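Each chain is listed here by its residues.
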Amino acid sequence: MSPTLVEALNEQMNFEFYSSHVYLAMASYCESQDYDGFAKFFFGHADEEREHGMKIYQYLQDRGEQAIFTGFENPNNVYESVLDACEQALEHEKVVTSRFYNLSEIADSEKEYTTTTFLKWFLTEQVEEESLFESVVQKLRRIKDDEGALFVYDMKIGKEETE
């Protein structure tokens, strides 16, 4: 792989670990507001993002390249509501998708077909992630200020995360 592609993969690996921290911050906010179901939902996504980072790590190692770990900026820890956190999560997933598009363009331009195949899994995953967060946001917008409905949805989303 070219140094450009290796660097881009390392950047994405670190962004996946950053994404895990983003979701940990959202989980902490939700738990501090007694939305335990949403906290569990975000903890699950934090674990998933860490797994994605490790998947890229292993790919780099399997290709004979060193995974380079870097620091990252602090995630946002302040949210106006569960809806705000979920809207920000949706926007974050859109950024992740665009980053995988850029990685795919690099791999395609370099005719690095093994990497192109590897990245397709992430692109498919991003369709699922954006769809999931879009659905959660739409439901929360319908709930608006109905605390009873939010309480029920909080319990439901927490159970879905464990299934």
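Right, let's walk through the structure included here.

Quick notes on the rules
Residues numbered from 1 in each chain as written. Predicted model: local features only at pLDDT ≥ 70, side-chain atom pairs only at ≥ 80, totals over all residues. Heavy atoms only, no water. Helix = DSSP H or I, 4+ residues; strand = E, 2+ residues; numbered from the N terminus. Buried < 20%, exposed > 50% of the residue type's maximum accessible area, 1.4 Å probe, protein only. Expected span 1.5 Å × (residues − 1). Salt bridge = Lys/Arg side-chain N within 4 Å of Asp/Glu carboxyl O. Phe/Tyr/Trp six-rings, centres within 6.5 Å; stacked < 30°, edge-to-face > 60°. Lys NZ or Arg CZ within 6 Å of the ring centre and 35° of its normal. Core = buried A, V, L, I, M, F, W, Y, C linked by side-chain atoms within 4.5 Å. Contact = heavy atoms within 4.5 Å. Axes fitted to C-alpha atoms, helices over the stretch in contact; angles between N-to-C directions. Parallel < 35°, antiparallel > 145°, perpendicular 65-115°, else oblique. Nonpolar A, V, L, I, M, F, W, Y, C, P; charged D, E, K, R; others polar.

1. Details of unusual backbone geometry
A negative phi angle characterises most non-glycine residues, just as the trans form characterises most peptide bonds. Not every positive phi belongs to a glycine, and Asp34 is a case in point at roughly 65 degrees. Note that Asp34 resides in the loop between helix H1 (3-32) and helix H2 (36-62). With relative accessibility at 62%, the residue Asp34 sits in the exposed group. Phi angles above zero are rare outside glycine, and Lys144 is one such case at about 50 degrees. Residue placement: Lys144 occurs in the loop between helix H4 (113-143) and helix H5 (147-162). Note on Lys144: relative accessible area 67%, which makes it exposed.

2. Some thoughts on H4
The end-to-end C-alpha separation of H4 is 46 Å, in line with the 45 Å expected for 31 residues at 1.5 Å each. Two residues or fewer after H4 comes Lys144, characterised by a positive phi angle close to 50 degrees.

3. A short note on the pattern of salt bridges
Per the stated rule, a full pass over the model turns up 3 salt bridges. For Arg141, the salt bridge is made with Glu87, and the minimal N-O distance between the two is 2.9 Å. Note that Arg141 is positioned in helix H4 and Glu87 in helix H3 (residues 82-109), a separation of 54 residues in sequence. Since its relative accessible area comes to 25%, Glu87 is described here as partly exposed. Its salt-bridge partner being Lys94, residue Glu91 comes within 3.6 Å of it at the nearest N-O pair. Within this pair, Glu91 and its partner Lys94 are both found in helix H3, separated by 3 residues, close to a single helical turn.

4. Some points on the packing of aromatic side chains
Scanning the model with the defined rule gives 16 aromatic pairs in all. Consider the rings of Tyr18 and Phe72, whose centres lie 5.6 Å apart with planes at 65 degrees: the pair is edge-to-face. Of this pair, Tyr18 sits in helix H1 while Phe72 is found in the loop between H2 and H3, placing the two residues 54 residues apart along the sequence. Through pairs of rings, three or more aromatic residues link up here, namely Tyr23, Phe38, Phe41, Phe42, Phe133 and Tyr153. Above the face of the Trp121 ring, Lys55 is positioned so that its terminal group lies 3.7 Å from the ring centre. Above the face of the Phe15 ring, Arg99 is positioned so that its terminal group lies 4.1 Å from the ring centre.

5. Concerning the nonpolar core
With 45 residues, the main nonpolar core has Phe38, Phe42 and Leu140 as its most contacted residues. Elements represented by at least two residues in this core include exactly H1, H2, H3, H4 and H5. With 15 residues, H1 is the largest single contributor of residues to this core. Beyond its immediate chain neighbours, meaning those up to four positions away, Phe38 contacts Cys30, Val82, Cys86, Val136, Leu140, Leu150, Tyr153, Asp154 and Ile157.

6. A look at the environment of Phe41
For Phe41, the location among the structural elements is in helix H2. The spatial distance from the C-alpha of Phe41 to the C-alpha of Ala27 is 7.6 Å, given a sequence separation of 14 residues.

7. Side note on the packing of H2 against H4
Two elements in contact, H2 and H4, have axes separated by 12 Å at closest approach and are oriented at 170 degrees. Put simply, H2 runs roughly antiparallel to H4. Seen from H2, the contacting residues are Phe38, Phe41, Phe42, His45, Glu48, His52, Lys55, Ile56 and Tyr59; seen from H4, they are Thr114, Thr115, Phe118, Trp121, Phe122, Glu125, Glu129, Leu132, Phe133, Val136 and Leu140. Across the contact of H2 with H4, the residue classes tally to 12 nonpolar, 4 polar and 4 charged.

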